[in-house]
Amino acid sequence: MDNIELEVTEVSEAVEEVVEETNKIEIEPLFEEMVDFDTFSKSDFRVVKVKECFAVPKSKKLLQFTLDDGTGTDRTILSGIHAFYEPEDLVGKTLLAITNLPPRPMMGVESCGMLLSAIHNVNGEEQLNLVMLDDVIPAGAKLY
């Protein structure tokens with residue numbers, strides 16, 4: 001077999017592997033209920049920069065984020081994503097948050113917003129990915 005045939009075979013095998021893995025992915029069905037534009041537009045989606053992140057003591061799931069939301073005042077958000085991320089890997093990242101949710105006390109800390117993430121299942125196991133944005137987008141930029 002010459003080099004070209006060998007490379008084609010390797011590429012074909014790689015494509016088959018990707019297709020096989022893709023077939024194992026499950027996503028939740030779309031909501032059937034519609035939300036009117038006025039309701040949707042009340043949600044304040046903002047770009048945030050992670051200044052600090054650490055595991056919440058006495059919690060297996062929670063990470064506590066100190067975020068720059070562009071206001072000049074740090075924002076604290078707690079998120080139950082420790083099974084998917086180590087806190088030190090998130091410092092400096094640019095994320096997406098909804099900032100106008102009512103504050104919610106969690107483990108004695110007030111969480112002021114929610115970080116957005118994408119969730120799907122692979123082979124019945126939940127996978128989570130934070131929505132990470134390009135670092136050139138400034139903290140506080142509003143998403144429409």
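Each value, and the rule that gives it
- Residues numbered from 1 in each chain as written.
- Predicted model: local features only at pLDDT ≥ 70, side-chain atom pairs only at ≥ 80, totals over all residues.
- Heavy atoms only, no water.
- Helix = DSSP H or I, 4+ residues; strand = E, 2+ residues; numbered from the N terminus.
- Buried < 20%, exposed > 50% of the residue type's maximum accessible area, 1.4 Å probe, protein only.
- Areas by Shrake-Rupley, 256 points an atom, 1.4 Å probe, with all protein chains shown as cover.
- 1 Å grid on protein atoms, 1.4 Å probe; cavity = no way out; pocket = protein on both sides within 12 Å on 5 of 7 lines; lining within 4 Å.
- Points joined across faces, edges and corners; volume = space filled by probe spheres on them.
- Nonpolar A, V, L, I, M, F, W, Y, C, P; charged D, E, K, R; others polar.
- Pairing = 2+ DSSP bridges.

J.: How do you make sense of the overall build of the protein when you look at a structure like this?
T.: When its secondary structure is counted, the protein shows two helices and 10 strands. Listing the helices and strands of the protein from first to last along the sequence gives α-β-α-β-β-β-β-β-β-β-β-β. Counting over 144 residues, the protein shows a buried share of 27%. When the accessible area of the protein is evaluated, it comes to approximately 10,300 Å², of which 55% is carbon and sulfur surface.

J.: Sorry, what's going on with the layout of surface pockets here?
T.: Empty space among the atoms becomes apparent when a probe as large as a water molecule is rolled across them. Here the largest pocket is characterised by a volume of approximately 340 Å³. If you trace the largest pocket, you find 17 residues lining it, with Leu78, Ser79, Arg104, Met114 and Leu115 closest to the centre. Contributions of two or more residues to the lining of the largest pocket are made by strand 4 (75–79), strand 6 (104–106), strand 8 (114–115) and strand 10 (125–130). Of the residues contributing to the lining of the largest pocket, the split by class is 11 nonpolar, five polar and one charged. Approximately 240 Å³ is the volume found for the second largest pocket.

J.: Looking at this structure, how should I read the sheet that holds strand 1 (residues 25–26)?
T.: By definition, the strands of a sheet pair up through backbone hydrogen bonds, in either a parallel or an antiparallel sense. Pairing within the open sheet is antiparallel, and its three strands lie in the order 1-9-10. The sheet is open, and its two borders are formed by strand 1 and strand 10, each paired with just one other strand.

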